[in-house]
Amino acid sequence: MASTVSDRPGYGQLLRTPGAWTFLLPGFAARQPFAMLTIGIVLLVQHTTGSYGSAGAVAAVSGVSMALFAPQSGRLADRFGQRAVLVPGVLVHGAAVGTLTALALADAPLWALFLAAVPTGASIPQVGPMVRARWAALLGAAPGRPASPLMSTAAAFESVTDEFTFVIGPVLATALCTGVHPAAGLVAEAALTLLGGVLFAAQRSTQPAPNGAATASEPHRSALTVPGVQVLAITFLGIGSVFGGMQVSLTAFSEEIGRPGVNGLLYGVFAAGNMLAGIACGAVAWKISPRRRLVVGYVALTLTASGLWAVHSVPLLAGLGLLVGLCIAPALISGYTLVEALVPASARTEAFTWLTGAVALGQAAAVTVAGQLADAHGASTGFVVPLAGTALALVTLLALRSRLTPRAPGRTVARGIGHREPVTVD
């Protein structure tokens, strides 16, 4: 259900938005390390300890720490401005990564690596949500200005960029760790974070205006108090379970059939499906609401994920993995698009970080559970995790989908964050 090609808001029109390139290029460099950190930790710690279990545990601590602290970073960015949070954040992150690297190379005890992993994950710069907040500031609804139809295109563009990052980042980190030095991946991650983060922070003209300190009459509330954000966070937990479950289970499946090299191919097909769907979604001017698109996309995601555990051949698993990937992007894009309508501009960065953190938390939990299931009962049982995660999230989404409807003009806001301009309900 799309408009004609002539009035379709495409990527060319999006990228011609004044000021877009000033934050897109440094933003891409600054978000690249996000996909390098986990694999960099795993390869370095495995090299120094000889244990994949220990390496995965240290990486998981970092991921959980990021998921817990990211929303606080987003909240501070909304309140005081992105630059005020990003510059000290990248400095802390560089120091934390350096400490973790030095401890690993010094054969420090595992508990010391766990301690170092906490600030490493907590200080990961939330550049992706900050870029999305800048798009919302440029294209979203404002007093006297309706939201641009390019908002959905921007959400799709960011989904494709995220997926491209997770294709490039792990490959780059692996090549550095195996071809240069086991610590080279983390060193490059810290360097890119510092350089890209500082350059991104310097682009002040496109930064959303900070809402300043809370006042007694209008206290600052968390974006998570918005009911729709709560529903989206649970929904994105299910998407994270797909990413984590696929990573572990595809690796276990490849080793189980004696063809470990096929793992990269299978995950690449899965990621390609996500990218292709994201590109397609951004090229369409949708006339159905983001809420309906989210529900339909999530039903399709759950149905396709339900068959993974029963597939035992490489071609079939590649085909089904492609379908799963094709269903992820529409759900992600619809969720991020809903944020613009549900959350006032003063809290959007925080809202985006809650969703990003939910994906990371779901991924960390799925990696742990799927790994234990695969070790105990075989690779096929690991694929039950994406099914269970999406099914539980789908039940919540269907039961609470009414909370994803933007408030109609003239209605009083009884709860949530502050006050906002009314938006058109599509």
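The rules behind these values
Residues numbered from 1 in each chain as written. Predicted model: local features only at pLDDT ≥ 70, side-chain atom pairs only at ≥ 80, totals over all residues. Heavy atoms only, no water. Phe/Tyr/Trp six-rings, centres within 6.5 Å; stacked < 30°, edge-to-face > 60°. Helix = DSSP H or I, 4+ residues; strand = E, 2+ residues; numbered from the N terminus. Buried < 20%, exposed > 50% of the residue type's maximum accessible area, 1.4 Å probe, protein only. Patch = residues over 30% accessible without salt bridge, like charges linked within 9 Å, V, L, I, M, F, W, Y side chains within 5 Å. Areas by Shrake-Rupley, 256 points an atom, 1.4 Å probe, with all protein chains shown as cover. Salt bridge = Lys/Arg side-chain N within 4 Å of Asp/Glu carboxyl O. Core = buried A, V, L, I, M, F, W, Y, C linked by side-chain atoms within 4.5 Å. Contact = heavy atoms within 4.5 Å.

Peer 1: Honestly, the packing of aromatic side chains in this entry has me stumped. Any pointers?
Peer 2: The geometry of two aromatic rings is summed up by the distance between their centres and the angle between their planes. Tallied over the entire structure, the rule returns 4 aromatic pairs. With 5.3 Å between their ring centres and 75° between their planes, phenylalanine 23 and tryptophan 135 make a pair best called edge-to-face. Of this pair, phenylalanine 23 sits in helix H2 (residues 20–31) while tryptophan 135 is found in helix H7 (residues 127–139), placing the two residues 112 residues apart along the sequence. Both residues of the pair, phenylalanine 23 and tryptophan 135, count as buried. Considering the side-chain rings of tyrosine 336 and phenylalanine 352, the 5.8 Å spacing of their centres and the 50° angle between planes classify their relative orientation as tilted. Within this pair, whereas tyrosine 336 is found in helix H13 (residues 314–342), its partner phenylalanine 352 is found in helix H14 (residues 348–377), the two being separated by 16 residues in sequence.

Peer 1: Is there a simple way to think about a nonpolar patch on the surface in this case?
Peer 2: A surface patch of nonpolar side chains, amounting to about 520 Å² of accessible area, comprises Val64, Leu68, Phe69, Val118, Ile234, Leu237 and Leu361. Breaking the nonpolar patch down by element, the ones donating at least two residues are helix H4 (52–80) and helix H10 (227–256). At 3 residues, the largest contribution of residues to the nonpolar patch is made by H4. Residue position: leucine 361 is located in helix H14.

Peer 1: I keep staring at the nonpolar core and nothing clicks. Help me out?
Peer 2: In a soluble, globular protein the nonpolar side chains are often hidden away together inside. Core analysis: the biggest nonpolar cluster contains 59 residues, and Ile239 and Ile328 have the highest contact counts within it. When residues of this core are traced back to their parent elements, those giving at least two are helix H8 (150–179), H10, helix H11 (262–282), helix H12 (290–305), H13, H14 and helix H16 (384–400). Of all the elements, H13 adds the most residues to this core, at 15 residues. Setting aside its immediate chain neighbours within four residues, isoleucine 239 contacts Tyr298, Leu301, Ile328, Ala331 and Leu332.

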